[in-house]
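Examination of the molecular architecture
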Amino acid sequence: AVRSGQRSFITNSHCTNVQGGTEGTPYWQPSQATAPAQIATEVADPQYRRGDGCPSGRRCRRSDAARAAYAGGTSSTLGSIARTTGANNTSLTIQGSFTITGEGSPVVGQTVNKVGRTTGWTRGAVTNTCVHVNVSGSNITQLCQTLVSAGVGSGDSGAPVFLQLAGGSNATLLGILWGGSGSSTFVFSPMANIEAELGALRTF
């Protein structure tokens, strides 16, 4: 994603050193412990706040999202989502890509997709939109999130969620995944919520 001319990527706030608040988390590829190369630094991650529709005793935001700016010399491809060999087949083998051609808002009953690090490409139906979701083990509530009946696993956080257009390689970006209930329901923050908190983004 590009924000005010700055080449960036969007990931989850919970994938920063501190969820909520910008503390300059460094990002590495493939990891800090293995052949480390720093590829980006966190630059935007709003604080979680009380009030303004947040349930009593909770801290809230409308997206689990943060933005990291790429380091100079780090390559990236705007508007491209890695594609595995097929939906719901557990494969992690990359075989081409999807091309983002627009952004949209989720609708109950839509079949949506995600491609994640752990469970690859999964797809299923949107079951609920604009649901307030409490984050297990914390006092955080994510406001107005979307639930999908599809496979998910630990480590899929930050996966893009999208519509596959006409069964082809074009995609409408809907948001980013941040959690799940068991292995068969995932929750994501819609793009409208993400951009309300991080500012307008160019994603394709």
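In this text, all values refer to a predicted model and were calculated from it rather than measured experimentally.

With that out of the way, let us pick up the nonpolar core. Residues I10, F98 and I194 are the most contacted members of the largest nonpolar core, which totals 17 residues. Contributions of two or more residues to this core are made by β8 (94-103), β13 (170-181) and α1 (191-198). Beyond its immediate stretch of four places on either side in the chain, I194 contacts I10, S63, A65, G175, I176, S189, G199 and L201. Counting residues in hydrophobic clusters, the runner-up holds 12 residues, among them V148, V152, L163 and F186.

Moving on to the environment of C54. With respect to the helices and strands, the residue C54 is situated in the loop between β4 (38-44) and β5 (59-61). For C54, a relative accessible area of 11% corresponds to the buried category. Residues C54 and Q142 lie 88 residues apart in sequence; the distance between their C-alpha atoms is 9.0 Å. With sequence-adjacent residues up to four places away left out, C54 is seen in contact with R49, R59 and C60.

Right, let's talk about the pattern of salt bridges for a bit. Taken as a whole and judged by the stated rule, the model has 3 salt bridges. Where D45 meets R61, a salt bridge forms, and the shortest distance between an N and an O atom there is 2.8 Å. Separated by 16 residues along the polypeptide, D45 in the loop between β4 and β5 and R61 in strand β5 bring together distant segments of the chain. Residue classification places D45 among the buried residues on the basis of a relative accessible area of 3%. Given the relative accessible area of 3%, R61 is considered buried. When the shortest N-O distance is used, the salt bridge between K114 and D156 registers 4.0 Å. Of this pair, K114 sits in strand β9 (residues 111-116) while D156 sits in the loop between β11 (140-149) and β12 (160-164), and the two are 42 residues apart along the sequence. Residue classification places D156 among the buried positions, given a relative accessible area of 1%. Salt bridges sharing common partners tie together D45, R61 and E197.

Cut-offs and rules
- Position labels on residues start from 1 in each chain and follow its written sequence.
- Restriction of local features to residues with pLDDT of at least 70 applies here, the model being predicted, together with a cutoff of 80 or more for giving and counting side-chain atom pairs; totals for whole chains, interfaces and linings are based on all residues.
- Hydrogens are left out, water is left out, and the side-chain values use all remaining heavy atoms of the structure.
- Residues grouped as a nonpolar core are buried Ala, Val, Leu, Ile, Met, Phe, Trp, Tyr and Cys residues, joined through side-chain atoms within 4.5 Å.
- The buried label goes to any residue with under 20% of its type's maximum accessible area, the exposed label to any with over 50%, and the partly exposed label to all in between, with areas taken from a 1.4 Å probe on protein chains only.
- Think of it this way: any DSSP run of H or I at least four residues long counts as a helix, any run of E at least two long counts as a strand, and we number them from the N terminus.
- Only heavy atoms matter for contacts: two residues are in contact if any of them lie within 4.5 Å across the pair.
- Salt bridges are identified by distance alone: a Lys or Arg side-chain nitrogen within 4 Å of an Asp or Glu carboxyl oxygen.

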